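Structural characterization, general
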Amino acid sequence: MSLNHFENILRRGYESKELDYKSPIKWDEKDKKASCEIVKDILAMANTNGGWIVIGVKEIDNGFDFIGVTKEESKSFESTRVNNFVQKYADPPINLKVVKIESENRDFVILEIPQFLTTPHICIKNYPDVLLSATLYVRTDNNESAPINSSHDLRNILELSIKNRSEQLLEQISIFFKHGEMGERKNTDQQKFEEQINDALKSFDQNNTFKDEYYGYREVWLVPEKFDEILIEKDNLLDISKKADIDYIGRPFLQINYPNTTCKMGNNLQTFNTYQDFLGNKRVYFWRLYQSGLFIKKENIYEFLKTDKETKVLDIDITTLLIAASIFFLTKLYCDVLDETDFIELNIVLRNTLDRKLCTGENVDDLSADYFSKMPEIHYKKSLRLLEWNIGKIENALEIAESIFKDFHWDQPNLEPVKRRLKLEKIFQRDL
C-alpha cells in the first residue's frame, strides 16, 4: 500500500471495526497491561476483517486530536519486537506490519493487522482484567474488542474460515499446476495493468480542456485478475461494449452512440465527451476499454447545492447509482470473455474530496447532520469472482456505497431509503 493510502487511513476521523485510534504511547513489554490491551485489539481485528491501529491520535469531546508521537515513541514500535510479544498470546501466530508515516509535520505509527487466513486466532495466555486464555476476540458493532458471545458472530467466523480455506486451496492448486510461477506472474500482471491505468488517466488529463472548471472526479476501474494482452480482439471491442452497455434511469453507461466521441485508440476503445445534461449540469465524461479487459471510466462530480454553488458536495443517490450500474456493467462486460470463477477487481475512486459534503437529492432528507470528508481522495476496491458479482449485485453495491460514505464521517449510513428511491431491484431485473 502507498503512503497516500495510509495517510487516508490516518485521517479518516472516526473509529470502526477496522480502525482504532490510540493516544501516544511507547511500546514497552514491561508495561504488560498497556501492551496486552493492544494485543486484545489485534486479536479482535484479525478475527473480524483485519484493520489498522493508529498510534498518536487522542480522543477529545468533539472528535479526535491528531497530535502524533515522539521520535522515541515511534522508534519503540519495531516490527519484530511487537510481533514477538503478540505471538505469546495468539495461536496461530499473527504477523502484523508496523508502518511509520509523517503527516503535517507529525509522526504516527500504524499497526496493520491481517485478517486470519484459515483458522481464527485464539488467545492462549491470561493477563488479569485484559486477556482470557482459550478465548476468541472479535470487533463488535460498537467498535470494541470483546470475547465472542453470540451465535451470529460465531457463524460469521465459521463462514469466513470456510471461504478462506476454499480460496487458499484453489490458490495452492493453481501454484501446483503452474510450477510456482503464479506469484511472480501475479506481480507482473499487476504492473502491466497499472501501466494501462496510468496511461488512461494521463490521456484524460491531456484532453480535458475544462479541468479548471471542475473540482472533483468519480472513477471506476474494472481489473481482471490475469493480464492477457489480447483477451478481447481489437475488432470485437466495439461489439462487446455495445452488448454490455446499460441504460440506467435514462443515462447510458457508455454513451457509445454519441456522434464523434467513441473511437479506437491502438489497443483500446474510448469515449471522451463534454456536454450539458438535461438539468443544465456541465459534464466531462471519459471511458476506455483495453484489449486486456481493463476498463476505466471517469467523470466530473458535477452536482452542487441549489442554495450554495460554492460548497463542494457529493450526491448520495448519484454515487450509489454509479456504483450499482458499474457492477451491473461488470457482469455483462465479462460474461463472454471470462469464466464465472475468474476474479475481477472493482475500484471506486473519488478525487478532491477534502471538505466535500454529502448531500441528497432535491426534497429528500436522509441525513440527520452535515457530513464532510477530511481526506483528499477516497479509494475503495473489492475483488470477487464473476459469479459472486452476479448473484450479489445489490448487496455489494450498498456495501461499497456504505463504506465510502463512512469516509465522510457518516458513521451509520442508512441506505434503505436510497435503495427504494433508486429502485435498484428494477434496474438489475431489466434485460437492457
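Residues numbered from 1 in each chain as written. Predicted model: local features only at pLDDT ≥ 70, side-chain atom pairs only at ≥ 80, totals over all residues. Heavy atoms only, no water.

Some words on the overall build of the protein chain
Our working definition: Per the convention used, a helix needs a DSSP run of H or I reaching at least four residues, while a strand needs a run of E reaching at least two, with both numbered from the N terminus. In this scheme, a residue with accessible area under 20% of its type's maximum is buried, one over 50% is exposed, and one in between is partly exposed, where area comes from a 1.4 Å probe on protein chains only. By definition in these notes, contact holds between two residues if any of their heavy atoms fall within 4.5 Å. Note that accessible areas follow from Shrake-Rupley with a 1.4 Å probe, and for residues the cover is restricted to the protein chains shown.
Regarding its fold elements, the protein chain presents 12 helices and 21 strands. Across the 432 residues in the protein chain, those meeting the buried criterion constitute 49%. Sequence separation of at least 24 residues holds for 70% of the intrachain contacts in the protein chain that already meet a minimum separation of 6. Entry remark: accessible area of the protein chain is about 21,900 Å², with carbon and sulfur atoms responsible for 48%.

Details of the pairing of strand β17 (residues 295–300)
To be explicit about the condition: Criterion used throughout: strands pair if DSSP finds at least two bridges between them.
With 6 of 6 residues buried, β17 lies mostly within the body of the structure. With burial as the criterion, each face of β17 is covered, one bearing Phe 295, Lys 297 and Glu 299 and the other bearing Ile 296, Lys 298 and Asn 300. Here strand β11 (residues 217–224) pairs with β17 via 6 bridges, running antiparallel. Across the sheet, Glu 219 pairs through a bridge with Lys 298, a residue of β17. Bridge count for strand β16 (residues 282–290) against β17 is 5 bridges, and the pairing is antiparallel. Counted as the bridge partner of Leu 289 is Phe 295 from β17. Counting the residues in the hairpin turn of β16 and β17 gives 4 residues, including Gly 293, whose phi is positive at 95°.

A closer look at the sheet that holds β16
Using the following cut-off: Axis definition: a line fit to C-alpha positions, over the contact stretch in the case of helices; interaxial angles, taken between N-to-C directions, run 0 to 180 degrees.
On the basis of which strands lie adjacent, the open sheet formed by 7 strands has the order β14-β15-β16-β17-β11-β19-β21 and antiparallel pairing. Of all strands in the sheet, those with a lone pairing partner are β14 (262–265) and β21 (377–385), marking the two edges. Strand after strand, the sheet turns through a mean of 15° between neighbouring axes, direction not considered. Together, β19 (343–351) and β21 form the strand contacts of helix α10 (residues 393–406), whose direction differs from that of β21 by roughly 155°.

Some thoughts on the packing of helix α8 (residues 316–333) against α10
Quick reminder of the rule: Here is the rule for angles: anything less than 35 degrees is roughly parallel, anything more than 145 is roughly antiparallel, 65 through 115 is roughly perpendicular, and the remaining ranges are oblique. The hand of a helix crossing depends on one turn: near helix anticlockwise from the far one by less than a right angle means left-handed, and clockwise means right-handed.
The N-to-C vectors of α8 and α10 enclose an angle of 140°; their axes lie 9 Å apart at closest approach. The angle between α8 and α10 places the two elements in the oblique class. Crossing of α8 against α10: the hand is right-handed. Contact residues: Ile 316, Thr 319, Thr 320, Ile 323, Ala 324, Ile 327, Phe 328 and Thr 331 in α8; Lys 393, Asn 396, Ala 397, Leu 398, Ile 400, Ala 401, Ile 404 and Phe 405 in α10.

A short note on the sheet that holds strand β10 (residues 145–147)
Across a sheet, strands are paired by hydrogen bonds formed along the backbone, either parallel or antiparallel in direction. In spatial order, the strands read β5-β8-β9-β10; together these 4 strands make up an open sheet with antiparallel pairing. Two strands close off the open sheet at either side, each with one partner strand: β5 (90–91) and β10. Where strand β8 (residues 122–123) meets strand β9 (residues 135–139), 2 bridges bridge the pair, whose relative direction is antiparallel. Bridge pairing links Ile 122 to Leu 136 in β9. Each of β5, β8, β9 and β10 is contacted by helix α2 (residues 32–46), which is oriented at about 80° to β9, the strand it contacts most.

Considerations on the side chain of Glu 73
Convention followed: Positive: Lys, Arg. Negative: Asp, Glu. His and the chain ends are not part of the count. By definition here, a salt bridge exists when the distance from a side-chain nitrogen of Lys or Arg to a carboxyl oxygen of Asp or Glu is within 4 Å. Whenever two N or O atoms come within 3.5 Å, that pair is a polar contact, provided that in protein one can donate a hydrogen and the other can accept it, and provided that, for residues adjacent in sequence, both atoms are side-chain atoms.
Tracing the backbone shows Glu 73 in helix α3 (residues 71–76). One buried charged residue, Glu 73, forms no salt bridge at all, with the nearest opposite charge on Lys 26 at 8.7 Å. Looking at Glu 73, its side chain comes within polar contact range of the main-chain nitrogen of Thr 70, at 2.9 Å. The contact partners of Glu 73, leaving out residues within four places of it in the chain, are Pro 24, Ile 25 and Lys 26.

Some points on the side chain of Ser 74
Within the secondary structure layout, Ser 74 lies in helix α3. Look past the residues within four positions of Ser 74 in its chain and what remains in contact with it is Val 69, Lys 100 and Val 109.

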